[in-house]
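# An overview of the molecular structure
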Amino acid sequence: MTTTFETTPAADGFRMPAEFEPHSGCWMLWPERPSNWRLGAKPAQRAFAAVATAVAVGEPVSVGVSSAQYIQARSMLPDAIRVVEMSSDDAWMRDVGPTFVVNRRGQVRGVDWTFNGWGGLNGGLYFPWDQDDLVARKVLEVEGRDRYRAPLILEGGAIHVDGEGTLLTTEECLMNPNRNPHLDKGQIEILLHEYLGVTSVIWLGKGVVDDETNGHVDNLCCFVRPGEVALTWTDNKRDPQYRISLDAYERLSEARDAKGRKLKIHKLHQPGPLHRTRAESEDIDVVDGGAPRRIYERLAASYVNFYIGNSVIVMPLLDPKRDKQTARQLQKLFPERRLIGVQAREILLGGGNIHCITQQVPREGRGARSAVREKKAKRA
């Protein structure tokens, strides 16, 4: 039985753990929306299945699937992956699923943010989004985890934490008037503290160029361990991403985390730039209320959009000219984990990537935190 608390996680002693802390599992959703996924979503489904299979190397995976697609998904996914019938409007579990929080005793609960389709009727990507807004509650009921319903419009891809009190986000997203126009930066920080247990918020400016999520931070910058971040980068000063990444680099260089540390910044050069082809644009159903998919538009491609699993790093393969170099960088950053690359252009065509379609569930119990300390000790 799931209880919905009227208090806040911070008041109850809960915090959001880092993605590199131990997981009990991972949740995804199955793609099928014809106005977003080309060719009946079959290419995207193959890519999602490959991601689920890679993540399942190190932790249990659950995939929410509509009744119409249940048999299809079950046939494409390994038997070890749990398939759960679940309605949704699209397949972005990071953004519509719960953000899990833990306390010192290792109890796990979930934050259910308010979801408005990345902007509601003011720039949102589709309408309606009511089924997406129910996904977090459904996941928590399946997991048997208690729930907090947050009075804040927020998507999971808009935040990244180090597990020690520091949160990364962008002004482009959280300060966007199509999310919480009645709140100023200070009020948003208070709610982030109350619902995630963080004590320090590092505000970056904009996100990746032409990111239709209004600049989600998980496409721009993420923590790889406490005190260290990976940042999307380009050396091409004529590329519009250069100024954005340089601004982020400068802000990160000046910042201190919740423990007072300066941040070590690892630059991951962006792929491409990549653009949508004519065929990729024409193979999508056009419907009222859907985000347009224009020929030759720039895709918000980033290698920072990877998933940190218990024993694997699942990275997007997007550009043959850059994939191998980035794989070497990520393997060096995560020597204790196996790196698995997945051909991810079909996910990118839908507007996100591997991190956007996954949501980790923290491991329950007192041993979860100590496992992280053991890994740190071995690395030292």
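Residues numbered from 1 in each chain as written. Predicted model: local features only at pLDDT ≥ 70, side-chain atom pairs only at ≥ 80, totals over all residues. Heavy atoms only, no water.

## Notes on the sheet that holds strand 12 (residues 228-233)
What the three strands build is an open sheet, ordered 11-12-13; its pairing is mixed. Of all the strands in the sheet, the pair left with one neighbour each is strand 11 (221-225) and strand 13 (264-269). Across the sheet, the axes of successive neighbouring strands diverge by a mean angle of 30 degrees, strand direction being ignored. Pairing analysis gives six bridges linking strand 12 to strand 13, with the strands arranged parallel. Note on strand 13: the bridge partner recorded for Leu231 is Lys267. Lying on the sheet, helix 7 (residues 240-254) is in contact with strand 11, strand 12 and strand 13; it crosses strand 12 at an angle near 160 degrees. Along the sheet, helix 9 (residues 323-333) makes contact with strand 11 and strand 13, crossing strand 13 at roughly 155 degrees. (Pairing = 2+ DSSP bridges. Helix = DSSP H or I, 4+ residues; strand = E, 2+ residues; numbered from the N terminus. Axes fitted to C-alpha atoms, helices over the stretch in contact; angles between N-to-C directions. Contact = heavy atoms within 4.5 Å.)

## Describing the sheet that holds strand 5 (residues 99-102)
The four strands lie next to each other as 1-7-6-5, forming an open sheet whose pairing is mixed. What marks the edges here is a single partner per strand, and that holds for strand 1 (4-5) and strand 5. Taken strand by strand, helix 4 (residues 132-143) contacts strand 5, strand 6 (108-114) and strand 7 (146-153), and its axis lies near 170 degrees from that of strand 6.

## Quick look at the pairing of strand 7
On a regular strand, each side chain points to the face opposite its neighbour's, so the side chains alternate between the two faces of the sheet. Along strand 7, six of the eight residues are buried, which leaves the element largely enclosed by surrounding structure. By the bridge criterion, two bridges tie strand 1 to strand 7 in an arrangement that is parallel. In the sheet register, Phe5 faces strand 7, and the bridge partner there is Tyr148. One crossover worth recording links strand 6 to the parallel strand 7 by way of helix 4, and it is right-handed. (Buried < 20%, exposed > 50% of the residue type's maximum accessible area, 1.4 Å probe, protein only. Right-handed = clockwise from strand over helix to strand, strands pointing away.)

## With respect to the environment of Arg104
Mapped onto the fold, Arg104 is located in the loop between strand 5 and strand 6. C-alpha of Arg104 to C-alpha of Phe14: the two residues are 90 residues apart in sequence and 7.6 Å apart in space.

## What to know about unusual backbone geometry
In this chain, Phe127 is followed by Pro128 through a cis amide linkage whose omega measures 0 degrees. For Pro128, the position within the fold is in the loop between strand 6 and helix 4. For the bond from Gly272 to Pro273, the omega torsion is 15 degrees, close enough to zero to count as cis. Note on placement: Pro273 falls in the loop between strand 13 and helix 8 (278-282). Even without a glycine there, the phi angle at Leu39 is positive, about 50 degrees. In this structure, Leu39 sits in the loop between strand 2 (23-29) and helix 1 (42-55).

Scope: geometric values only; no functional claims are made or implied.
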